[in-house]
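Structural description and commentary
Given next are the chains, with one letter for each unit.
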Amino acid sequence: MSEHQIPSAPGPSTPLINSYTYHSPLPTAPGPYILGVDEAGRGPVLGPLVYGVAYCPVAYQETLENLGFADSKTLNAETRSSLLDTLSSDPPNLGWSVRVLSPHAISSGMQRRPVVNLNKQSQDATILLIREVLDKGIELSDVYVDALGNTTIYEKYLSSVFPGINFTVTQKADSKFKIVGAASVAAKVTRDACVEGWHFIEGENGAETKWGENVGSGYPSDPNTVAWLKTAMDPVFGFPNLVRFSWSTVKVILGKDAHAVKWVDEGQASLIKAFETGTGLEKDRSAVTKDMHLKSVNSL
């Protein structure tokens, strides 16, 4: 993949801490347009989750059928890279975008209260990409989405968010619709580039070189990935930022091999005690405010 294709992606010396969005140049051919949505990296314990969209005029569909797009999982890396070049080769008719969800953002959402689970994060990424394409002035008539779970409910929901657009949400959409296959290629090539060029902000004294080796496929079922996780873990600081720390595979390793931590909030206990010992108007004032002779408006 040539560097100009994803200019806003973090480079080799830039860590991927925050999620980001990239849009290709805006097509200029008259609409209406069709758009496909797919993702890459939902299951791995390593690296980002990437959502991709591709879009073209309805009148361009016959040409699109002959460009070779398919489910990216059925293609080798060289073919996927070549197809992303194809997707970028006809700017008047073809556009694409990706939303890259960083491992840190994924895990932070899943650990939050209330939880922002992976389904919600995926839904938000899909809606954001569609909305931003619309905001650029592209008229969409039909949108095809590759999704798991209850596709009927999701289809109705997206139709309510974007009235006037015909949605088709189905499993294996990347093998049924060429425009979804194109989105699949954009998502997969972007994710692979992120993982292969990962910058470890924790790397010191050669640690980055060690961490970048033999990570395997990134899936929890991959023995190479599991072995890498065990060697990459620091018993005090945990894992480098490539790892999704909310995954059960990671939690098991931390529970077994990391040092236990006991949290003691002495400051909170002292504050509670300070408030409990006050009387009258003094009751709601901490010891610090008393020592500084500070009073509330009501105590003047």
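Nothing here was measured: the structure is a model prediction, and the numbers come from that model. (Residues numbered from 1 in each chain as written. Predicted model: local features only at pLDDT ≥ 70, side-chain atom pairs only at ≥ 80, totals over all residues. Heavy atoms only, no water.)

1. Thoughts on the overall build of the protein
Assigned secondary structure in the protein consists of twelve helices and six strands. Split into buried and exposed, the 300 residues of the protein put 43% on the buried side. Of the contacts made within the protein by residues no fewer than 6 positions apart, 68% connect residues no fewer than 24 positions apart. Put simply, the protein shows about 16100 Å² of open surface, and 54% of that area lies on carbon and sulfur atoms. (Helix = DSSP H or I, 4+ residues; strand = E, 2+ residues; numbered from the N terminus. Buried < 20%, exposed > 50% of the residue type's maximum accessible area, 1.4 Å probe, protein only. Contact = heavy atoms within 4.5 Å. Areas by Shrake-Rupley, 256 points an atom, 1.4 Å probe, with all protein chains shown as cover.)

2. As for the nonpolar core
Counting residues in hydrophobic clusters, the biggest one holds 72 residues, and the most contacted among them are Leu35, Leu87, Val143, Val145 and Trp228. Non-local contacts of Val145, meaning those with residues more than four positions away in its chain, are made with Val37, Tyr154, Leu158, Phe167, Thr168, Val169, Thr170 and Ala173. (Core = buried A, V, L, I, M, F, W, Y, C linked by side-chain atoms within 4.5 Å.)

3. A few points about the sheet that holds strand E4 (residues 95-101)
Reading across the sheet, the six strands line up as E1-E4-E3-E2-E5-E6 and stay open at both edges, with mixed pairing between neighbours. The strands lining the two open edges of the sheet, one partner per strand, are strand E1 (20-23) and strand E6 (166-170). Strand-to-strand twist in this sheet, taken as the mean axis angle between neighbours without regard to direction, amounts to 15°. Alignment of strand E5 (residues 140-146) against E6, held across five bridges, turns out to be parallel. Considered in E6, the bridge of Val145 is made with Val169. (Pairing = 2+ DSSP bridges. Axes fitted to C-alpha atoms, helices over the stretch in contact; angles between N-to-C directions.)

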